[in-house]
Amino acid sequence: KCFGFILVGVGFLVFVKLNNGIVVGDRSAHEAVIHLPQILYFLIFCGGLMFPYVLQHIKNFPSFAARNFLFIAISGILLAAIVHYNTMGHPYLLADNRHFTFYIWRKFFLRHWSLKFVLVPAYIIAAFCITNTLQKSQLMFRILFPVCLILSLAPQALLEFRYFIIPFILCRLQVKPA
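It should be emphasised that the depicted structure is a prediction, and the values quoted were computed from it without experimental measurement.

Turning our eyes to something else, we now look at the overall build of the chain. For the chain, the helix and strand inventory stands at eleven helices and zero strands. Helices (α) and strands (β) of the chain occur, in sequence order from the N terminus, as α-α-α-α-α-α-α-α-α-α-α. Taken over the C-alpha atoms alone, the chain extends approximately 55 × 50 × 30 Å along its principal axes. Classification of the 178 residues of the chain by burial places 34% in the buried group. The contacts in the chain between residues at least 6 apart in sequence include a share of 77% that link residues at least 24 apart. When the accessible surface of the chain is summed, it comes to about 11700 Å², and 73% of that surface belongs to carbon and sulfur atoms.

Let us look at a nonpolar patch on the surface. A grouping of F12, L13, F15, I22 and V24 is seen on the molecular surface, where their side chains present a nonpolar patch of about 520 Å² in accessible area. By relative accessible area, which is 41% here, F12 ends up partly exposed.

The nonpolar side chains of a soluble globular protein tend to be buried, and buried together. In terms of nonpolar packing, the biggest core is built from 35 residues, with F42 and Y123 touching the most fellow members. Those elements that place two or more of their residues in this core are α2 (37-49), α4 (61-67), α5 (69-86), α7 (100-109), α9 (120-133), α10 (139-153) and α11 (162-173). Among residues more than four places away in sequence, those in contact with F42 are F145, L149, L153, F164, P167 and F168.

A few words now on the packing of α2 against α10. Taken N-terminus to C-terminus, the directions of α2 and α10 make an angle of 120°; their axes are 9 Å apart at the nearest point. If you check the angle between α2 and α10, you find them oblique. In this structure, α2 meets α10 at a crossing whose hand is right-handed. The residues of α10 that touch α2, namely those facing Q38, I39 and F42, are F145, L149, I150 and L153. For the contact of α2 with α10, the per-class residue count stands at six nonpolar, one polar and no charged.

Moving on, we get to the packing of aromatic side chains. Taken as a whole and assessed by the stated rule, the structure comprises eleven aromatic pairs. Taking 6.1 Å as the distance between ring centres and 50° as the angle between the ring planes, the aromatic pair formed by F161 and F164 counts as tilted. According to the relative accessible area criterion, F161 is partly exposed, its value standing at 25%. Taken together, the ring pairs connect F42, F45, F141, F145, F161, F164 and F168 into an aromatic cluster.

Structurally, the position occupied by K17 is in helix α1 (residues 3-19). Among the residues examined, K17 registers a relative accessible area of 66% and is labelled exposed.

So, about α11. If you check α11, its first and last C-alpha atoms are 17 Å apart, about what twelve residues at 1.5 Å a residue would give, namely 16 Å. Listing the buried residues of α11 in full gives F164, P167, F168 and C171. Viewed along the axis of α11, the buried residues span an arc of 110°, placing them on a single side of the element. Relative to its buried face, α11 has exposed residues pointing more than 90 degrees away, namely R162, I166 and L173. Buried-residue contacts for α11 involve α2, α9 and α10.

Considering the arrangement of structural elements, one finds L119 in the loop between α8 (115-118) and α9. Here L119 is in contact with F108 and F109, once residues within four sequence places are set aside.

Cut-offs and rules
Residues numbered from 1 in each chain as written. Predicted model: local features only at pLDDT ≥ 70, side-chain atom pairs only at ≥ 80, totals over all residues. Heavy atoms only, no water. Helix = DSSP H or I, 4+ residues; strand = E, 2+ residues; numbered from the N terminus. Buried < 20%, exposed > 50% of the residue type's maximum accessible area, 1.4 Å probe, protein only. Contact = heavy atoms within 4.5 Å. Areas by Shrake-Rupley, 256 points an atom, 1.4 Å probe, with all protein chains shown as cover. Patch = residues over 30% accessible without salt bridge, like charges linked within 9 Å, V, L, I, M, F, W, Y side chains within 5 Å. Salt bridge = Lys/Arg side-chain N within 4 Å of Asp/Glu carboxyl O. Core = buried A, V, L, I, M, F, W, Y, C linked by side-chain atoms within 4.5 Å. Axes fitted to C-alpha atoms, helices over the stretch in contact; angles between N-to-C directions. Parallel < 35°, antiparallel > 145°, perpendicular 65-115°, else oblique. Left-handed = near helix turned anticlockwise from the far one by under 90°. Nonpolar A, V, L, I, M, F, W, Y, C, P; charged D, E, K, R; others polar. Phe/Tyr/Trp six-rings, centres within 6.5 Å; stacked < 30°, edge-to-face > 60°. Expected span 1.5 Å × (residues − 1). Arc of directions from axis to C-beta.

Encoded structure:
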């Protein structure tokens, strides 16, 4: 039953061995880094595309925040530290005006040093709403999805919306009607 999966896995390992790594193309531009704000950008991306479902849960956030004020405050401080110390602009992001992310970065994030912190509350609200939207998902998905999301997005320095498409589709497929 699993022969196809094993074959694909072995093929991938052979490719990595023969290629001396996973990168196809310019290796210097595709080095693995720890870029945790990618997860935060994904939350905004996912929350925006799932807005009708997220909207159902926004009304519950004020009462959740009131009951869990310390958790929200610590989360906000932690996210602000992540944003401060780990936000990075990839050279391609700053130089390639053919992509929408170039304009977001240039017109918003680079306008003033403090603007990157404005989105911290939105990250918290998006995480709350998406988590509640996925509550009806299977337990295995709710455990593995965040782990796989971090493993696939955090090592990438370049902010590109195309990196968010497959995780978004997997997330969206789990949304059950109310």
